[in-house]
Amino acid sequence: MITAVRKPFAEIAGMLEGSGKVLILGCGTCVTVCMAGGEKEVAILASTLRLANQKDGREMQIAEATIERQCDREFFDSVRDAVVQADVVLSLACGVGVQFLGEVFPDKAVLPGLDTKFYGAAVEQGVWAERCSGCGTCVIGEYGGVCPVTRCSKSLLNGPCGGSQKGKCEVDPQNIDCGWQLIYDRMKALGQLDRLEAVKPIKDWSTGRHGGPGKIVKEEALL
Amino acid sequence: MSTLTMDGLKAGSRLEKILARGHFAVTAELGPPKSADAAVIAAKAGHLRGNVDAANITDNQTAIVRMSSIAAGLLAMKEGIEPIIQITCRDRNRIAIQSDVLGAYALGICNILCLTGDHQKFGNHPTSKNVFDMDSIQLIAMLACMRDQKKFACGDEIRNSKKAPVVEPRILIGGAENPFGDPLEFRAIRLAKKVEAGADFIQTQCIYDMERFAEFMRQVRARGLHEKVKILAGVTPLKSAGMAKYMRDSVAGLSVPDSYIERMDRAADKPAEGIKICIEQIQALREIEGVAGIHIMAIEWEEKVAEIVKGAGLWPRPEPDGEPGVRS
Amino acid sequence: MARKTARITALLCENSGWKAYVDAAAEGVEASRLLQDLDAVKLPCSGKVEVGLILKLLENGSAGVLVLGCPKDNCTFIRGNYRAEKRVGAAKAALREAGLDEGLVRLDFLSSLDSRKLIDAVVSFKGYIDDHSRS
């Protein structure tokens, strides 16, 4: 999923300063799973804002709503009125949803309540880790199922650097496993170590973000 | 396919000649200044001149901004030192690197060491974007392609126009290896890939544990790599017991035998003992089959290189025909 | 003019806090007096407490929220009270963000038999709330 964390409260409060009617709009998909922007988190943020406003004597109407996801137009239909009535919409979706909201309601001020982080998965409850960089040309199959572009801090394709120690990456030994140790262990277990002896050529980075913002068209799906 | 000089050399550098003629080579390091002060290079060059065959000019080592390797290499050349400039994969993409290589060669620089590069988080600009358009093995392959296929990475010939002559950079290509890094079993494989990619010489990280290094060289020889590439073993003289303990405890993959730490603890004149140990290490390394030379990393202690080289019986340095740094 | 008495909310684990509360409330007039101005809510486990619930209670006028669960390493659901600790911690962080006193929510532990401790916990918390009143 796309993972994100909520922005610091002070930053959000600063963004909303002076706004009369605020709609906090949550998203029911990725950010619900990583517990950053779902219905629960919308409620917590709304309560925190109201408590702060009560204390400081600020007038602000805060509405709450959560839709299935903010990256498909149809889901905005159910909250169209709420969006139109608000002065500003604070979206708790990932960066995709926030922008899409702005595209569907171009006359509305749209603000991001989250900092979008990475494509990742829950390695254990409450812990999410990055797994994919969206490079556009997947080579996971050549590396025993481990992505060298994402799991190696330097995206090395031919083996580890000198900073691999006891299976950890020197960039952050507490939190980052050495991607190449993972690749090595996995391919050893698969009996495929000999495949790591071939020199892999330099990568074409243009199939990902380095080629500019991407676009996919599926002809048979067009109306 | 690769154009060789009259005497079968690829680059014709002093370093290549010494290695090709079977002399035990000596290289050292020269770190450029963290400012635009050229005098720093002159001072360091003064310590190395006549004591080494060539000197590495580091490339923003540890991701700390220093004068560029090529510029410092040119200044070093003017001081009578043959430079081995370094290129890391961290800061430059293939366009910039190929461009730099053309420029370096045009300036008379013909030894290049290819490195991965320390992550920017270790340096003084940790919030910068990194590049890593390629890894060190792909970098070696790219430079070998420029020299031997006379083509850029995209396949274009290295010529200014269809009618202009092909003028490729005729460089000696080096790589680095850490024999003690993890995964340990992969290190000889990684070295083999660098050789396959086209490395002419390899410099290792500093060695204190002779036994473990001897085992590494055994694996290297088993793959026949020592006959395809010239391996220079790295040494770093110890200045104090504290330094020895730091190297043992804090540097990834480095093991320092207790005997060295004890000697440094007991010695009355610790720097002298450190030099003595270094000389012993060099003598031990000369005995290992497949070691073609040594790489002395006396960081901020360049003034001791002469003493080490002389103490190890490696002075004076052989004079291959032609002046240092001038291609034949 | 009569001072409006602040009402606190007690979120009580049914295996410990709630039982102690029921016993305490039945003890007598004095105990009942000490436990007045309190809204007691039963939870299946202190670990079920939700950050959003704590904040909502305070937003809607509760003067303070007291969470009472089983002693550490004595939770019927093994680690529920550890979870309660983390969630109350998150609620405290939210209160700090809002510029409020994090002491408006408190977590304590007691056994089901300890009605005396329950009364003490309530009295102590009420005292704190009165001293640090928001209004």
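In what follows, the structure referred to is the one given above.
An account of the accompanying structure is given in this report. This one's a predicted model, so the numbers in the text were calculated from it and none came from an experiment.

### Some points on the interface of chain A and chain C
- The interface of chain A with chain C comprises 11 residues on the first partner and 11 residues on the second.
- In terms of residue count, helix H3 (residues 39-56) of chain A provides more of the side of chain A that touches chain C than any other element does, 10 residues in total.

### Considerations on helix H3 (residues 51-59) of chain C
- Extensive coverage of H3(C) is indicated by the burial of seven of its nine residues.
- For H3(C), every residue scored as buried is listed here: Val51(C), Gly52(C), Leu53(C), Ile54(C), Leu55(C), Leu57(C) and Leu58(C).
- Contact partners of the buried residues in H3(C): H3 of chain A together with strand E1 (8-13), strand E3 (64-69), helix H4 (80-97) and strand E4 (105-109) of chain C.
- Positioned one or two residues after H3(C), Gly61(C) has a phi angle of 115°, which is positive.

### Considerations on the sheet that holds strand E1 (residues 2-6) of chain A
Residues and elements named next belong to chain A.
- With antiparallel pairing, the three strands of this open sheet are ordered in space as E1-E6-E7. If you trace the sheet from one side to the other, it starts and ends with E1 and strand E7 (127-132), each paired once. Between one strand axis and the next, the sheet turns through 70° on average, direction left out of account.
- As paired elements, strand E6 (residues 114-124) and E7 share five bridges and run antiparallel to each other.

### With respect to the interface of chain B and chain A
- In this complex, chain B contributes 27 residues to the contact, which on the side of chain A involves 25 residues.
- Mapped onto the side of chain B that touches chain A, the elements with two or more residues apiece are helix H5 (136-149) and helix H6 (187-197) of chain B.
- Of the residues forming the side of chain B that touches chain A, the biggest block, six residues, is contributed by H6(B).
- Considered class by class, the residues forming the side of chain B that touches chain A number 12 nonpolar, seven polar and eight charged.

### What to know about the packing of H5(B) against H6(B)
Residues and elements named next belong to chain B.
- At a minimum axis distance of 8 Å, the contact between H5 and H6 shows a crossing angle of 15°. In terms of their interaxial angle, H5 and H6 are classed as roughly parallel. Crossing hand, H5 versus H6: right-handed. Along its contact with H5, which presents Ile137, Ile140, Ala141 and Ala144, the element H6 presents Lys193, Lys194 and Ala197.
- Considering only residue class, the contact of H5 with H6 consists of five nonpolar, no polar and two charged.

Parameters at a glance
Residues numbered from 1 in each chain as written. Chains lettered and ligands numbered in written order. Predicted model: local features only at pLDDT ≥ 70, side-chain atom pairs only at ≥ 80, totals over all residues. Contact = placed C-beta atoms within 7 Å. Helix = DSSP H or I, 4+ residues; strand = E, 2+ residues; numbered from the N terminus. Buried ≥ 20, exposed ≤ 12 C-beta atoms within 10 Å, placed from the backbone. Pairing = 2+ DSSP bridges. Axes fitted to C-alpha atoms, helices over the stretch in contact; angles between N-to-C directions. Nonpolar A, V, L, I, M, F, W, Y, C, P; charged D, E, K, R; others polar. Parallel < 35°, antiparallel > 145°, perpendicular 65-115°, else oblique. Left-handed = near helix turned anticlockwise from the far one by under 90°.

Bear in mind that shape data such as this cannot, by itself, settle questions of function.
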